[in-house]
Amino acid sequence: MRAPTMNNLDLVAPAAPDELCGRVDDLFRQRFGGAPDGVWMAPGRVNLIGEHIDYIGASVMPFALPYATAVAVRVHNEDRVRLASTGHQDHWEGGGADIGPHRPNGWAGYVAGVPWAMTYHDTIARIPGLDIAVHSSVPQGAGLSSSAALETATALAIAELFGAATDDSGRRTLARDCITAENVVVGAATGGMDQSAALRARAGHVMLLDCNTFGVEHLKLDCRPAGVVFLVINTNAPHRLVEGSYGLRRSRVERVCARIGRSALLHTDDVDAVLNCARTDDPPLRRALRHVLTEIRRVSAVADLLRADEIAAIGPHLSASHASLRDDLVVSSPELDTAVDAALDAGALGARMIGGGFGGSALALVRTERLPDVIEAVGRAALDHRLPKPDFLCGIPSGAARRVY
Ligand code: GLA
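Parameters and conventions
- Residues numbered from 1 in each chain as written.
- Predicted model: local features only at pLDDT ≥ 70, side-chain atom pairs only at ≥ 80, totals over all residues.
- Heavy atoms only, no water.
- Phe/Tyr/Trp six-rings, centres within 6.5 Å; stacked < 30°, edge-to-face > 60°.
- Helix = DSSP H or I, 4+ residues; strand = E, 2+ residues; numbered from the N terminus.
- Buried < 20%, exposed > 50% of the residue type's maximum accessible area, 1.4 Å probe, protein only.
- Expected span 1.5 Å × (residues − 1).
- Contact = heavy atoms within 4.5 Å.
- Near = heavy atom within 4 Å.
- Polar contact = N/O pair within 3.5 Å; in protein donor to acceptor, adjacent residues only side chain to side chain.
- Areas by Shrake-Rupley, 256 points an atom, 1.4 Å probe, with all protein chains shown as cover.
- Nonpolar A, V, L, I, M, F, W, Y, C, P; charged D, E, K, R; others polar.
- Pairing = 2+ DSSP bridges.
- Axes fitted to C-alpha atoms, helices over the stretch in contact; angles between N-to-C directions.
- UniProt positions renumbered as here; feature names shortened; annotations may be inferred.
- Parallel < 35°, antiparallel > 145°, perpendicular 65-115°, else oblique.
- Left-handed = near helix turned anticlockwise from the far one by under 90°.

**A short note on the packing of aromatic side chains**
Scanning all chains against the criterion turns up 4 aromatic pairs. Pairing F63 with F230 gives two aromatic rings, centres 5.4 Å apart and planes at 50°, and the pair type is tilted. Placement of the pair is F63 in strand β3 (residues 62-76) and F230 in strand β9 (residues 228-234), with a sequence separation of 167 residues. With relative accessibility at 0%, the residue F63 sits in the buried group. Ring geometry for W116 and Y120: centres 5.3 Å apart, planes at 15°, overall stacked.

**Observations concerning the environment of L383**
Within the secondary structure, L383 is located in helix α13 (residues 371-384). Here L383 falls in the exposed class, since its relative accessible area comes to 67%. Between the C-alpha atoms of L383 and A189, which are 194 residues apart in sequence, the distance is 34 Å.

**Side note on helix α11 (residues 315-327)**
Compared with an ideal rise of 1.5 Å per residue, which puts 13 residues at 18 Å, α11 spans 19 Å between its outermost C-alpha atoms and is within 8% of the ideal. The complete set of buried residues in α11 reads G315, L318, S319, S321, H322, S324 and L325. In this fold, the buried residues of α11 make contact with α10 (283-307), α12 (334-345), β10 (350-353) and β11 (361-367).

**Details of the site of the ligand**
Neighbouring the ligand are 13 residues, the closest being E51, H52, D54, D194 and Y246. At 2.9 Å, a side-chain N or O of R45 approaches an oxygen atom of the ligand. Within the backbone of G356, a nitrogen or oxygen atom sits 3.2 Å from an oxygen atom of the ligand. Alone, the ligand offers 310 Å² of accessible surface; in the complex the protein occludes 98% of this. Looking at the shell around the ligand, its residues break down into 4 nonpolar, 5 polar and 4 charged.

**Let's talk about the sheet that holds strand β1 (residues 38-47)**
The sheet built from 6 strands is open, its strands ordered β5-β4-β6-β3-β1-β13 with mixed pairing. Each end of this open sheet is capped by a strand with a single partner; those strands are β5 (88-94) and β13 (402-403). The sheet strands contacting helix α1 (residues 17-32) are β1, β3, β4 (81-85), β5, β6 (129-136) and β13, and the helix crosses β6 at an angle near 135°. Sitting on the sheet, helix α5 (residues 193-200) is in contact with β1 and β3, with an inclination near 125° to β1.

**Considerations on the UniProt feature "domain: GHMP kinase C-terminal" (unreviewed entry) in the protein chain**
When the UniProt feature table is mapped to this numbering, "domain: GHMP kinase C-terminal" (unreviewed entry) covers residues 305-381. Between the end C-alpha atoms of residues 305-381 the distance is 31 Å, and the span holds 51% helix and 14% strand.

**Notes on the environment of G100**
Within the secondary structure layout, G100 lies in the loop between β5 and α2 (107-120). You can call G100 buried: its relative accessible area is 0%. Separated by 178 residues in sequence, G100 and A278 place their C-alpha atoms 38 Å apart. Setting aside residues up to four positions removed in sequence, G100 forms contacts with W116 and V185.

**As for the packing of α2 against helix α3 (residues 146-161)**
The geometry of α2 relative to α3 is characterised by a closest axis approach of 9 Å and an angle of 40° between their N-to-C directions. When the interaxial angle is binned, α2 and α3 end up oblique. As α2 packs across α3, the resulting crossing turns out to be right-handed. The residues of α3 that touch α2, namely those facing W107, Y110, V111, V114, P115 and M118, are S147, L150, E151, T154, A155, I158 and A159. Broken down by class, the residue content of the contact of α2 with α3 amounts to 10 nonpolar, 2 polar and 1 charged.

Pasting the structure below:
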């Protein structure tokens, strides 16, 4: 999986679709016999900016990665869903009645939960008989949305096999179904960013996703002419959304935002005036609100800079977002802070933790010629602090979920 040299850098190689599909097709034939009806793949994502604000209906800016999950799927007539994965020893098999809130457990919930949610929302009529094999190159537990990749590849496969819409509006519906699968079947209270990114991203672009209406504006991320690259740093610190403190932070944010009108939350320039409106002396609540207010404003500043083709100028906003997540929302970790500080010290234009926090990955915007120094510095800092050795991935803005054959 590791590319020995990519400009002599130790970067995890992006997924070659042929390799992904070959692996998943092999597993399918081995486990279930015969050929699948087709193979679909969906990408992992990073979030450029807009953290912990999707679930209050604000705008966020994810883009898809060139690392993806492939599913090989076949429909049959028995009341059986059978699942196999190259990444998990435990295969799962059950009938429609075995799928529902909080069941099945573990990785199977992310796959079996999808036809359940599609039935729940009437996207399809009933849970069909399915054989599904899975193979992924999205690192798990790295905060790069391996779970959304799994859900959305499955959803797109089922939609196409059962004639549900898969144009942009159909994909918006599928994203909703996948969110329900994750919230209800898996029991993880995540927002809507990850599933929308995996289903609706566009190569070479970042999505400006309005999580209130789920409308999207695709903004160009022209890295090459600007002489910059996005580096993804997987800190390899374990990251858990179901049991972690994500839910706690989410309810803190939701509670305090409920006191503020939507218009003040999104549009008022005077952040201190809005903070005072919340009438809270509780420091964590007040700081959570400050994170939300400042992050919303950073998202619009970054969107404006990208519309003006000023990609290199977004760096300070990324770093400010990290400081806010670290100090105000308190969702960072020593591994993330160490990686971000080292990247900035080595000349990155901006860097921040991404995703829910408490471990996972960081994103750095780096001038192409500084990339070796940044990689070296982040690796060395982890070693010096006796932290896990990070992996480095290519943050190339990539395309959305698709059928491969
Ligand atoms: C996780 C969730 C997203 C979002 C981020 C924080 O990735 O799945 O919905 O809330 O955390 O921005």
